[in-house]
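Topology and contacts: notes
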Amino acid sequence: MTEHRGPVDSSKIPRFAGPATFARLPRLDEVGRADVVVAGVPFDSGVSYRPGARFGPSAVREASRLLRPYNPGLDVSPFERLQVADAGDIACNPFNIDEAVETIEHAAAGLLKTGTRLVTIGGDHTIALPLLRAVSAAHGPVALLHFDAHLDTWDTYFGAAYTHGTPFRRAVEEGVVDTEALCHVGIRGPLYGKRDLEEDRRLRFGILTSSDVMRRGVDEVVDALRQRVADRPVYISIDIDVLDPAHAPGTGTPEAGGLTSRELLEILRGLAGVNLVGADVVEVAPAYDHAEITSVAASHLAFDLISLLALKEKP
Ligand SMILES: N=C(N)NCCCC(=O)O
Ligand SMILES: [Zn+2]
Ligand SMILES: [Zn+2]
């Protein structure tokens with residue numbers, strides 16, 4: 001196995017010392033090239049309610065100091081199998097959403113150029129659109145598993161086409177996702193009207209609600225998702241508000257009745273072996289968090305996503 005530069009050893013240097021990169025991994029510029037990069041996108045100008053997700057990437061990096069290198073849930077040490085590195089943040093214009101969306105797309109495309117896979121920490125959900133554009137340029141239209149309380153397939157907000165409530169309608173319109181393999185998981189909460197669901201169905205999304213997860217259970221949900229994506233390239237987008245506010249209070253549009261972090265981690269583990277090509281974890285807004293509950297959950301989800309990517313590689 002090729003030697004990869006892994007995280008700082010927390011048995012030698014206390015995990016609370018030193019600068020925060022994701023999981024205490026090396027920076028991308030320290031290793032030159034990586035199989036997987038973690039990048040932050042500190043952008044929250046697309047939100048419809050509480051702002052603050054621009055501080056998500058740094059909060060998740062801080063919380064990720066506690067991660068350890070072996071993932072028993074998936075029986076893999078991802079940082080041994082792959083060179084994983086922190087690419088820092090994609091800095092984008094907080095006053096011009098259109099420009100920010102372009103900046104994110106080009107920065108993501110640059111990172112993907114050398115065959116690297118990208119796990120992005122948001123930022124609000126607006127950023128999923130430019131990320132999907134970049135991923136589909138590399139892999140073709142991707143299957144999408146979207147974990148969220150919200151559909152995020154609304155048309156416009158105050159006339160704006162690029163917001164955190166609209167990325168997946170744009171993604172379908174632009175053909176960057178494979179409409180045979182789209183599914184929302186964790187949907188709940190009040191809508192503007194029944195039409196929201198009709199339009200979402202017209203865009204060819206499947207829905208597994210938060211109640212479905214509770215009533216049908218993790219195993220059935222996993223089976224349904226695996227069938228939906230089959231062997232297509234898959235992108236996973238996790239809005240942290242898919243978790244119940246008890247498990248993720250630090251977010252901008254919380255909805256009661258969500259998944260537990262245990263359920264979501266179990267669903268992800270059930271996806272081992274799918275052809276994952278990229279992922280994001282968005283909507284962590286640390287100002288509303290308590291005791292890092294939300295950023296710890298987000299860091300563990302990102303670790304499991306990286307582990308899923310590592311499992312695709314031969315040992
Ligand atoms: N993507 C997130 N978190 N929320 C979308 C909510 C849109 C709304 O306020 O209706
Ligand atoms: Zn949401
Ligand atoms: Zn969302």
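Described in the following lines is the structure provided in the data block. Position labels on residues start from 1 in each chain and follow its written sequence. Here every chain gets a letter starting at A, and every ligand a number starting at 1, in the order they are written. Since the coordinates come from a predicted model, pLDDT governs what is reported: local features require at least 70, and pairs of side-chain atoms require 80 or more to be given and counted, while whole-chain, interface and lining totals use all residues. Heavy atoms from the whole structure form the basis of all side-chain values; hydrogens and water molecules are not counted.

**Focus on the coordination of the zinc ion (ligand 3)**
Atoms of type N, O and S within 2.8 Å of a metal are treated as its donors, and for Na, K and Ca the window is 3.2 Å; water is not considered, so some sites may appear to be missing partners. Those protein atoms acting as donors to the zinc ion (ligand 3) are His125 (ND1), Asp148 (OD), Asp152 (OD) and Asp239 (OD), and they sit at 2.0 to 2.2 Å. Taken in sequence order, the residues that donate to the zinc ion (ligand 3) follow the motif H-x22-D-x3-D-x86-D. Between the zinc ion (ligand 3) and the zinc ion (ligand 2), both coordinated by Asp148, there is a metal-metal distance of 3.2 Å. Of this pair, Asp152 sits in the loop between β4 (142-147) and α6 (167-174) while Asp239 is found in strand β7 (residues 233-239), placing the two residues 87 residues apart along the sequence. For each residue, the accessible area found with a 1.4 Å probe, counting protein chains only, is set against the maximum for its type, and the residue is called buried under 20%, exposed over 50%, and partly exposed in between. When its relative accessible area of 3% is taken as the criterion, Asp152 is described as buried. We count a stretch as a helix when DSSP gives it H or I for four or more residues in a row; a strand needs E for two or more, and each element gets its number in order from the N terminus.

**Focus on the coordination of the zinc ion (ligand 2)**
Note on the zinc ion (ligand 2): its protein donors are Asp148 (OD), His150 (ND1), Asp239 (OD), Asp241 (OD) and Asp241 (OD). The metal-donor distances range over 2.1 to 2.4 Å. One can describe the donor arrangement at the zinc ion (ligand 2) as irregular, given that its six donor atoms subtend angles of 57 to 162° at the metal. Considered as a linear motif, the donors of the zinc ion (ligand 2) on their single chain read D-x1-H-x88-D-x1-D. By the criteria applied here, four donors are tetrahedral when all angles lie between 85 and 135 degrees, four are square planar and six octahedral when opposite donors are over 155 degrees apart and every other angle lies between 65 and 115, and any other arrangement is irregular.

**Considering the packing of helix α9 (residues 261-270) against helix α10 (residues 293-311)**
Relative orientation of the contacting elements α9 and α10 amounts to 5°, with a least axis distance of 10 Å. With respect to each other, α9 and α10 are oriented roughly parallel. Contacts between α9 and α10 pair Leu264, Leu265, Leu268 and Arg269 from the former with His300, Leu301, Asp304, Leu305 and Leu308 from the latter. Working convention: axes come from line fits to C-alpha atoms, limited for helices to the stretch in contact. Angles between N-to-C directions cover 0 to 180 degrees. By the definition adopted for this analysis, an angle is roughly parallel if under 35 degrees, roughly antiparallel if over 145, roughly perpendicular if from 65 to 115, and oblique otherwise. We call two residues contacting when some pair of their heavy atoms lies within 4.5 Å.

**What about the site of ligand 1?**
A single heavy atom is enough: if one lies within 4 Å of a molecule or strand, its residue is considered near that molecule or strand. Ligand 1 sits among Ser48, His125, His150, Asp152, Trp154, Tyr157, His164, Tyr192, Asp239, Asp241, Thr253 and Glu283. Distance and chemistry together define a polar contact, namely a pair of N or O atoms within 3.5 Å, with one atom able to donate a hydrogen and the other to accept it when in protein, and with adjacent residues in sequence counting only for side-chain atoms on both sides. Contacts to ligand 1 include Tyr157, whose side-chain N or O atom sits 2.7 Å from an oxygen atom. The separation between a nitrogen atom of ligand 1 and a polar side-chain atom of Thr253 is 3.1 Å. Isolated, ligand 1 exposes 310 Å² of accessible area, and the fraction of that covered by the protein chains is 92%. For the shell around ligand 1, the residue count by class is three nonpolar, five polar and four charged. Reported accessibility uses the Shrake-Rupley method at a 1.4 Å probe radius. Residues are deemed covered only where the shown protein chains occlude them. In this count, Pro and Cys sit with the nonpolar residues alongside Ala, Val, Leu, Ile, Met, Phe, Trp and Tyr, while Asp, Glu, Lys and Arg are called charged and the others, Gly among them, polar.

**So, the sheet that holds strand β8 (residues 275-282)**
Pairing between strands is defined by DSSP: at least two bridges between them are needed. Spatially, eight strands are ordered β2-β1-β3-β8-β7-β4-β5-β6 in an open sheet, and the strand pairing comes out parallel. One side of each edge strand has no neighbouring strand; the edge strands of this open sheet are β2 (84-89) and β6 (205-209). When the angles between neighbouring strand axes are averaged without regard to direction, this sheet yields 15°. Here four bridges tie strand β3 (residues 117-122) to β8, and the two strands are oriented parallel to one another. Directly across from Val119, in β8, lies its bridge partner Ala279. Contacting β1 (36-41), β2 and β3, helix α4 (residues 97-112) crosses the sheet at an angle of about 145° to β3.

**Regarding the pattern of salt bridges**
Any Lys or Arg side-chain nitrogen located within 4 Å of an Asp or Glu carboxyl oxygen qualifies as a salt bridge. The final tally for this structure, using the stated rule, is 20 salt bridges. Residues Arg5 and Glu30 are paired through a salt bridge, measuring 3.9 Å at the closest nitrogen-oxygen approach. Highlighted residues: Arg5 in the segment before α1 (28-31) and Glu30 in helix α1, separated in sequence by 25 residues. Taking the relative accessible area as the measure of exposure, Glu30 reaches 36% and is therefore partly exposed. Among the salt bridges present, the one from Arg232 reaches Asp178, with a minimum N-O distance of 3.0 Å. Residue Arg232 is found in the loop between α8 (210-229) and β7, and its partner Asp178 is found in strand β5 (residues 177-187); the two are separated by 54 residues along the sequence. According to the relative accessible area criterion, Arg232 is partly exposed, its value standing at 23%. Ionic contacts of the salt-bridge type, sharing partners, join the residues Arg5, Arg27, Asp29 and Glu30 into one network.

**Remarks on α6**
For α6, the tally of buried residues reaches six of eight residues, placing the bulk of the element in the interior. Buried residues along α6 sit against α5 (128-139), β4, β5, α7 (194-202), β6 and β7.

**With respect to the pairing of β5**
By the criterion of burial, β5 is predominantly enclosed, with nine of the eleven residues buried. Sheet topology note: the β4/β5 ladder contains five bridges and is parallel. If you follow Val142 over to β5, its bridge partner there is Val177. Relative to β6, β5 runs parallel, the two sharing five bridges. Within β6, the residue paired with His184 across the bridge is Ile207. Following the backbone out of β5, through α7 and into the adjacent parallel β6, one traces a crossover that is right-handed. Crossover handedness is defined here as right-handed if the route from the first strand over the helix to the second strand goes clockwise, with the strands pointing away from the viewer.

**Thoughts on the packing of α4 against α5**
The axes of two packed helices give the description: the angle between them and the distance between them. Interaxial distance between α4 and α5 falls to 8 Å at its minimum, and their mutual angle equals 35°. Crossing handedness for the pair α4 and α5: right-handed. Within the contact between the two elements, α4 uses Val101, Ile104, Glu105, Ala108, Ala109 and Leu112 and α5 uses Pro130, Leu131, Arg133, Ala134 and Val135. A crossing counts as left-handed when the near helix is turned anticlockwise from the far one by less than a right angle, and as right-handed when that turn is clockwise.

Coordinates in, geometry out; function isn't part of it.
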